[in-house]
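Spelled out, the chains give:
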Amino acid sequence: MAITIKSQKEIELMRESCRLLADVFQNLENEVKPGMSTMEVNILGDKLIRAHGCIPNFLHYEGYPASICVSVNDEIVHGIPKKNHILKEGDIVSLDAGLIYKGYHSDMARTFGIGEISEDARLLIERTKQSFFDGIKFAKEGNHLFDISNAIDASISRYGYGIVKELVGHGIGTHLHEDPQIPNFAQKKKGPRLQAGMTIAVEPMINLGGADVEWLDDDWTVVTADGSISAHYENTILITDGEPEILTLY
Ligand code: MF3
Ligand code: CO
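Residues numbered from 1 in each chain as written. Chains lettered and ligands numbered in written order. Predicted model: local features only at pLDDT ≥ 70, side-chain atom pairs only at ≥ 80, totals over all residues. Heavy atoms only, no water.

A. Just the site of ligand 1, in detail. Close to ligand 1 lie Phe58, Tyr61, Tyr64, Cys69, His78, Asp96, Asp107, His170, His177, Glu203, Trp220 and Glu234, which account for all nearby residues. Measuring from an oxygen atom of ligand 1, one finds a side-chain N or O atom of aspartate 107 at 2.9 Å. Here histidine 177 contributes a side-chain N or O atom positioned 2.5 Å from an oxygen atom of ligand 1. When isolated, ligand 1 has an accessible area of 330 Å², and the protein chains bury 97% of it. Comparing atom positions with the cavity grids shows ligand 1 to sit within the largest pocket. (Near = heavy atom within 4 Å. Polar contact = N/O pair within 3.5 Å; in protein donor to acceptor, adjacent residues only side chain to side chain. Areas by Shrake-Rupley, 256 points an atom, 1.4 Å probe, with all protein chains shown as cover. 1 Å grid on protein atoms, 1.4 Å probe; cavity = no way out; pocket = protein on both sides within 12 Å on 5 of 7 lines; lining within 4 Å. Sits in = over half its atoms within 2 Å of the grid points.)

B. Spatial organisation of the coordination of the cobalt ion (ligand 2). Donor atoms from the polypeptide that coordinate the cobalt ion (ligand 2) comprise Asp107 (OD), His170 (NE2), Glu203 (OE) and Glu234 (OE), at 2.0 to 2.2 Å from the metal. Angles of 45 to 171 degrees at the metal separate the six donor atoms of the cobalt ion (ligand 2), which places the site in the irregular class. Read in sequence order, the donor residues for the cobalt ion (ligand 2) give the motif D-x62-H-x32-E-x30-E. Linking histidine 170 in strand E7 (residues 169-171) with glutamate 234 in the loop between strand E13 (230-232) and strand E14 (235-238), this pair joins segments that are 64 residues apart in sequence. Residue class for histidine 170 comes out buried when judged on its relative accessible area of 4%. (Donors = N, O, S within 2.8 Å, 3.2 Å for Na, K, Ca; no water. Tetrahedral: all angles 85-135°; square planar, octahedral: opposite > 155°, others 65-115°. Helix = DSSP H or I, 4+ residues; strand = E, 2+ residues; numbered from the N terminus. Buried < 20%, exposed > 50% of the residue type's maximum accessible area, 1.4 Å probe, protein only.)

C. Fine view of the pairing of strand E4 (residues 92-101). Among the ten residues that make up E4, nine are buried, leaving the element largely enclosed by the rest of the structure. As judged from the two bridges shared by strand E1 (residues 55-56) and E4, these two strands associate in the antiparallel manner. Residue pairing for E4: isoleucine 55 is matched across the bridge by isoleucine 100. For strand E2 (residues 68-72) and E4, the ladder comprises five bridges, and the chain directions are antiparallel. The partner of valine 70 across the bridge, within E4, is leucine 95. Between E4 and the antiparallel strand that follows it, strand E5 (residues 104-113), lie two residues; lysine 102 among them carries a positive phi value of about 45 degrees. (Pairing = 2+ DSSP bridges.)

D. Expanded view of the sheet that holds strand E8 (residues 178-182). The five strands are arranged E8-E7-E9-E14-E15 in an open sheet whose pairing can be described as antiparallel. Two strands lie at the open edges of the sheet, namely E8 and strand E15 (245-246), each paired on one side alone. Relative to E15, E14 runs antiparallel, the two being bridged by two bridges. Note that in E15 the partner of leucine 238 across the bridge is glutamate 245.

E. Structural view of the nonpolar core. In terms of nonpolar packing, the biggest core is built from 38 residues, with Val41, Val93, Leu95 and Leu99 touching the most fellow members. Here this core takes nine residues from helix H1 (residues 8-31), the largest share from any one element. Discounting chain neighbours no more than four positions away, the residues touching valine 41 are Leu28, Val32, Met36, Val70, Leu87 and Leu95. (Core = buried A, V, L, I, M, F, W, Y, C linked by side-chain atoms within 4.5 Å. Contact = heavy atoms within 4.5 Å.)

F. Highlighting the packing of H1 against helix H2 (residues 38-51). At a minimum axis distance of 10 Å, the contact between H1 and H2 shows a crossing angle of 150 degrees. For the element pair H1 / H2, the angle class is roughly antiparallel. Here H1 runs over H2; the crossing is right-handed. The residues of H2 that touch H1, namely those facing Val24, Asn27, Leu28 and Glu31, are Val41, Leu44, Gly45, Leu48 and Ile49. (Axes fitted to C-alpha atoms, helices over the stretch in contact; angles between N-to-C directions. Parallel < 35°, antiparallel > 145°, perpendicular 65-115°, else oblique. Left-handed = near helix turned anticlockwise from the far one by under 90°.)

The structure is reproduced here in structure tokens:
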């Protein structure tokens, strides 16, 4: 499938979809506390999305059973919410969610600390976020897609963290996942040329330890092979002929 270029009208719909999702995240960030179950986080996120008149796009996506991915500590992404998984002080929790507004998808992720967290965890979260911003410095018409990948890699590799390779960012629009795929590690090829009107989700997933991952028996939850903690930071962005527009910031 070719990479879609959004019209001005579609861009407006993407902006609104992303604005509503950012509002959901702001609420979630304020509400997520020690003692809450990961299922309660999912139920709250689902309610917030529907309160905006939108549809959670993750629910039933390839059979995914919840509206929000809630991944704790060594869970990298696609953690399935559970009633008996209680968040506790010192955990880090990655929330990943998206919604559909008038047919247009948004997608974002953040990792939050629950109460006081270790210095290692704080730095991992901060540097994962920084790698996103270092990456999107290159997200501009005329550059190549893998300029973003190379910059994320360069941002992270100095720390010796593991960059997850099995999961990547993606185009987004009338589908949650559109072309192109956006790796978070250095590429030999240049990749497609970026054009104004492309909307993409850039989402580094970074492990404190090694890069290797495993899938749990639930077929969804991706965990670090060495049990180290992992952070995730994702925004949907719009490519322009100047600075990218980060559509899911709040
Ligand atoms: N948020 C993931 C992504 O960024 C998609 C989650 S798929 C789901 O691509 F099935 F877990 F919902
Ligand atoms: Co995504």
